[in-house]
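Close look at the chain arrangement
The chain contents come next:
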Amino acid sequence: MPALRELEGVYLKSKTDREFQKELARLQMTYVGRPTPLYYAKRFTEHLGGAKIYLKREDLAHTGAHKINNALGQALIAKKMGKKRLIAETGAGQHGVATATGAALVGLECEIYMGSVDMKRQALNVFRMRLLGARVTEVPIGSRTLKDAINEALRDWTTNVQSTHYVLGTVFGPHPFPVMVRDFQAVIGREARKQILAAEGKLPGHLIACVGGGSNAMGLFYAFLDDGVKMVGVEAGGRGIAGGEHAARFAGGSLGVFQGTKTYLLQDEAGNVLGTHSVSAGLDYAAVGPEHPYLKDLGRVEYTYATDEEALSAFELLSRTEGIIPALESAHALAEAVKRAPKLARNEIIVVNLSGRGDKDVHQVAQIRGIEL
Amino acid sequence: MNRIDKTFKKLRAQNKKAFIPYVMAGDPSLEKSKETVLLFERSGADIVELGVPFSDPLADGPTIQRAAERALQAGVTLRKVIGLVRDIRPDCQIPLVLMTYYNPVFKYGVEGFVRDAVDAGVDGVIIPDLPPEEAGELRRYASATHLATIFLVAPTSTGERIKKIAGASTGFIYYVSITGITGSKLSLDSSIRESLSAIRGITKKPVAVGFGVSTPEEAKAVSESADGVIIGSAIVKKLHESPENLGKLMSELRRAI
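Position labels on residues start from 1 in each chain and follow its written sequence. Chains and ligands are labelled by the order in which they are written, letters from A for the one and numbers from 1 for the other. Selection of residues for local features in this predicted model requires a pLDDT of at least 70, selection of side-chain atom pairs for listing and counting requires 80 or more, and totals for whole chains, interfaces and linings are taken over all residues. Heavy atoms from the whole structure form the basis of all side-chain values; hydrogens and water molecules are not counted.

**Describing the environment of K202 of chain A**
Residues and elements named next belong to chain A. What counts is decided by this rule: Where helices and strands are cited, they refer to DSSP runs of H or I of at least four residues and of E of at least two residues respectively, numbered from the N terminus. When accessible area is computed with a 1.4 Å probe and restricted to protein chains, residues below 20% of their type maximum are described as buried, those above 50% as exposed, and intermediate ones as partly exposed. Here a residue-residue contact requires only that any non-hydrogen atoms of the pair lie within 4.5 Å.
The residue K202 is located in the loop between α10 (187-200) and β7 (206-210) in this model. Residue K202 is classed as partly exposed on the basis of its relative accessible area of 36%. C-alpha separation for the pair K202 and K67, spaced 135 residues apart in sequence, amounts to 28 Å. In contact with K202, other than residues within four places in its own chain, are I196, L197, N347 and I349.

**A few points about the packing of helix α11 (residues 233-241) of chain B against helix α12 (residues 246-256) of chain B**
All names here are of chain B. This is how the line gets drawn: Axis definition: a line fitted to C-alpha atoms, limited for helices to the stretch in contact. Angles are taken between N-to-C directions and run from 0 to 180 degrees. Each angle is binned into one of four classes, with values under 35 degrees roughly parallel, values over 145 roughly antiparallel, values of 65 to 115 roughly perpendicular, and all other values oblique. Polarity classes work like this: nonpolar for Ala, Val, Leu, Ile, Met, Phe, Trp, Tyr, Cys and Pro, charged for Asp, Glu, Lys and Arg, and polar for all others, with Gly in that last group.
Axis separation between α11 and α12 bottoms out at 9 Å; the angle between their running directions is 155 degrees. With respect to α12, the axis of α11 lies roughly antiparallel. Along the contact surface, α11 presents A234, I235, K238 and L239, while α12 presents L246, L249, M250 and L253. Classifying every residue of the contact of α11 with α12 gives seven nonpolar, no polar and one charged.

**Describing the sheet that holds strand β8 (residues 207-210) of chain B**
Residue and element names in this part refer to chain B. Our working rule: The criterion for strand pairing is that DSSP finds at least two bridges linking the strands in question.
Ordered by their spatial adjacency, nine strands build an open sheet running β5-β4-β3-β2-β1-β9-β8-β7-β6, and the pairing between neighbours is parallel. Edge strands, defined here as strands with exactly one partner in the open sheet, are β5 (148-150) and β6 (152-153). Where strand β3 (residues 96-99) lies against strand β4 (residues 124-126), three bridges are found, and the strand directions are parallel. Counted as the bridge partner of L98 is V125 from β4.

**What to know about the interface of chain A and chain B**
Condition: Summed over both partners, the accessible area (1.4 Å probe) lost when two parts come together is defined as the buried area. Only one rule defines a salt bridge in this text: a Lys or Arg side-chain nitrogen within 4 Å of an Asp or Glu carboxyl oxygen.
At the junction of the two partners, chain A supplies 30 residues and chain B supplies 24 residues. Each partner contributes to the roughly 2,200 Å² buried at the junction of chain A and chain B, and carbon and sulfur atoms together form 54% of this total. Counting across the chain A and chain B interface gives two salt bridges. Linking R5 of chain A and E133 of chain B is a salt bridge whose minimum nitrogen-to-oxygen distance equals 3.5 Å.

**What to know about the packing of aromatic side chains**
All names here are of chain A. This is how it is decided: Think of it this way: a Phe, Tyr or Trp ring, Trp meaning its six-membered ring, pairs with another when their centres are within 6.5 Å, and the plane angle makes it stacked under 30 degrees, edge-to-face over 60, tilted otherwise. We call a charge positioned over a ring when the NZ of a Lys or the CZ of an Arg lies within 6 Å of the ring centre and within 35 degrees of the ring normal.
Within this structure, the stated rule accounts for 13 aromatic pairs over all chains. The interplanar angle of 70 degrees and the centroid separation of 6.0 Å between the aromatic rings of Y11 and F184 together place this pair among those described as edge-to-face. Here the residue Y11 occupies a position in helix α1 (residues 2-16), and F184 occupies one in helix α9 (residues 177-185), the gap between them amounting to 173 residues. F184 sits in the buried class, given a relative accessible area of 6%. Aromatic rings pair up to connect W157, Y166 and F177 into one cluster. Stacked on the ring of Y40, the Lys or Arg K52 has its end atom at 4.8 Å from the ring centre. In this structure, R57 packs its charged tip against the face of Y39, placed 6.0 Å from the ring centre.

**Looking at the pattern of salt bridges**
It is possible for side chains bearing opposite charge to pair when their charged atoms get close. Across all of its chains, the model carries 47 salt bridges over all chains by this definition. Among the salt bridges present, the one from D27 of chain B reaches R70 of chain B, with a minimum N-O distance of 2.8 Å. Residue D27 of chain B is located in the loop between β1 (18-24) and α2 (30-42), and its partner R70 of chain B is located in helix α3 (residues 62-73); the two are separated by 43 residues in the primary sequence. D27 of chain B sits in the buried class, given a relative accessible area of 4%. By relative accessible area, which is 23% here, R70 of chain B ends up partly exposed. One network of salt bridges, with partners in common, ties together R5 of chain A together with E133, R161 and K164 of chain B.

**Quick look at the sheet that holds strand β2 (residues 52-57) of chain A**
Residue and element names in this part refer to chain A. One open sheet holds the six strands; their spatial order is β1-β2-β12-β7-β8-β11, and the pairing between them is mixed. A strand with exactly one partner marks an edge of an open sheet, and here the two such strands are β1 (38-40) and β11 (301-307). This sheet shows a mean twist of 25 degrees between the axes of neighbouring strands, independent of strand direction. Relative to strand β12 (residues 349-354), β7 runs parallel, the two being bridged by three bridges. By the bridge assignment, I208 is partnered in β12 with V352.

**Concerning a nonpolar patch on the surface**
Cut-off, in case you're wondering: For patch building, the residue pool is restricted to those with more than 30% relative accessible area and no salt bridge; the joining distance is 9 Å between like charges and 5 Å between nonpolar side chains (Val, Leu, Ile, Met, Phe, Trp, Tyr). Reported accessibility uses the Shrake-Rupley method at a 1.4 Å probe radius. Residues are deemed covered only where the shown protein chains occlude them.
On the surface, a nonpolar cluster with roughly 380 Å² of combined accessible area is contributed by I325, V362, I371 and L373 of chain A. Among the structural elements, I325 of chain A can be located in the loop between α14 (308-322) and α15 (328-340).

**Observations regarding unusual backbone geometry**
The peptide bond linking H175 of chain A to P176 of chain A adopts the cis configuration, its omega dihedral lying at 10 degrees. Mapped onto the fold, P176 of chain A is located in the loop between β6 (164-166) and α9. Residue P28 of chain B is reached from D27 of chain B by a cis peptide bond, and omega for that bond is 5 degrees. Although it is not a glycine, T63 of chain A adopts a positive phi angle of roughly 75 degrees. Position of T63 of chain A among the secondary structure elements: in the loop between β2 and α4 (67-80).

**A few points about α12 of chain B**
All names here are of chain B. Rules: Taken from the helix axis, the directions to the C-beta atoms give the arc we talk about.
Those residues of α12 not exposed but buried are L246, L249, M250, L253 and A256. Along the axis of α12, the buried residues cluster in a sector spanning 130 degrees; they form a single face. For α12, exposure combined with an orientation more than 90 degrees from the buried face picks out K248 and R255. Looking at the buried positions of α12, the neighbouring elements they touch are β1, α2, α10 (216-223), β9 (228-231) and α11.

**Some details on the pairing of strand β8 (residues 230-238) of chain A**
Residue and element names in this part refer to chain A. Inclusion rule: Crossover handedness is defined by viewing with both strands directed away from the observer: a clockwise path from the first strand over the helix to the second marks the crossover as right-handed.
Among the nine residues of β8, eight are classified as buried, and the element is accordingly described as predominantly covered. Here five bridges tie β7 to β8, and the two strands are oriented parallel to one another. Across the sheet, the residue bridging to L207 is M231, located in β8. Between β7 and its parallel partner β8, the chain crosses via helix α11 (residues 215-221), and the hand of that crossover is right-handed. Strand direction decides the pairing type here: β8 and β11, joined by seven bridges, are parallel. Bridging from a neighbouring strand, E235 pairs with Y305 of β11.

**A few points about the nonpolar core**
Heads up, the condition is: The term nonpolar core refers to a set of buried residues drawn from Ala, Val, Leu, Ile, Met, Phe, Trp, Tyr and Cys, joined through side-chain atoms within 4.5 Å.
Counting residues in each nonpolar core, the largest one holds 155 residues, and the members touching the most others are W157 of chain A together with L50, L98, F113, F172 and I231 of chain B. When residues in this core are grouped by element, the largest group, seven residues, is from α4 of chain A. Look past the residues within four positions of F113 of chain B in its chain and what remains in contact with it is L78, I82, L98, V105, Y108, V125 and L138 of chain B.

**Observations regarding the environment of L203 of chain A**
Residues and elements named next belong to chain A. Examined against the element boundaries, L203 turns out to sit in the loop between α10 and β7. Using a relative accessible area of 26% as the deciding quantity, one classes L203 as partly exposed. When the C-alpha positions of L203 and K56 are compared, they lie 14 Å apart, and in sequence the two are 147 residues distant.

In structure tokens, the structure reads:
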């Protein structure tokens, strides 16, 4: 608790600290490459034959995903707190890469926890993190995926709390993480709102984003919450909604308390956390950031899921029609656009958050499709 | 007065310290755990801490994580651990305290948990991922019964925080001897003694020390300034690797405390 209180204090101060905000804005522009483009996906749109689809190109941000927005912000916070070391969990490896990058940028030590299952399917990102000077520590216990990596990072943090800041990668965990991570990601929606108004002179009818922990979705949605825009969060449907076969918390979960958060959770009758499955390591997680259930209960955001197969088809379709290889996580959001766009009029607009690029997934997709590289 | 209060009152009158061994319920089976608890009592344990297995034991090191995995594989749940206490109670006079994470209690329903635990003969509950700020519901139900709510003080806790934790704790206060997880290496410098004396400046409630105490020497050193010593990972390890030597470890620890 004292560490969380300290973090909250420093974070709240940073929000109105003009020097801090100026430095963050400067790095977002010159280092991350913001603003990222909002791109009209013309051939993807024509192929589907309905609403106009725009892609918010977070895949073009430095390190290849939206994760850098948060990792950079928290690295600056850690520096401000005088910490010497950053730790983080990672699933797909994107947040680990982003944190290792942030640590290299501000000059801090870095250690990343990653489940053994994820290390295998995201070997490229493991090597990237090591290149960036981070130590990657395998987590061989539990389900050996993202949730176990978070457990291990939390254990490290309680052990080394004086020297270390825990860069939690999504809108999850104890306060202030869900709020702080959302605020660092909200730049996505602020930019997208301006960009779509400039391009179309009106707001989109729909926003679509994938939801693992839920940070890219919160980042896109936050600036539009007061507008009448429909919002859709897409979870991982895996091999279908049966125990252990998916990560769709809203379809198969119930209220629980996990890793410092009260939220929707995939759990058994005794309150133990269930195993999950998704083709996408970044969505393969049993709980969801607490603001999502809040928005669901308000009726403000609709939640649905895409199966592994639907995500893989969307992954291939976007690659072929647009020359953009999306991350498997983002492909879940695209899969929802594939379902939705043909039912909408041609003057309707959908903005999809293309939260990351798919280079990291190429090996895995080849393997699934039975191709040897 | 509940069994825990009676125990500490008696020990204080005799100028003795509480020996509090831990066992993961259901590792490897509930029948074995019953035998183990009775062995603890015969070996002179003053209080027994019964671990409830959970899929994501955040505060625990590898030894207890693995024990929890084994117990879960044996199908052990919070409900079954309460059943175990009910089964042991007629043969066992010492206080039994559950150490569980919050989600199993939350899923069970806090009101039903307190009712069933008390009814079975549970004397206290330790929930390492439940800070006093979030424990209103548990404390409300527990305060109407004899169920003690034991909260944890860490080496990083400030005076203000110790006051809050002490205020919420009944039975005893659990001082976590290291910043970290169960089964870590303890360093026997003066910091534990100093922290305990800071806690004693704030509260008269008994303070037991755990996390990282594994050898009789460490137990002896810690017991000089604490009211009780909790030993978990070292016992869980012995029980798993060479159960025939558990009795010997128990008597060594008992002599040391």
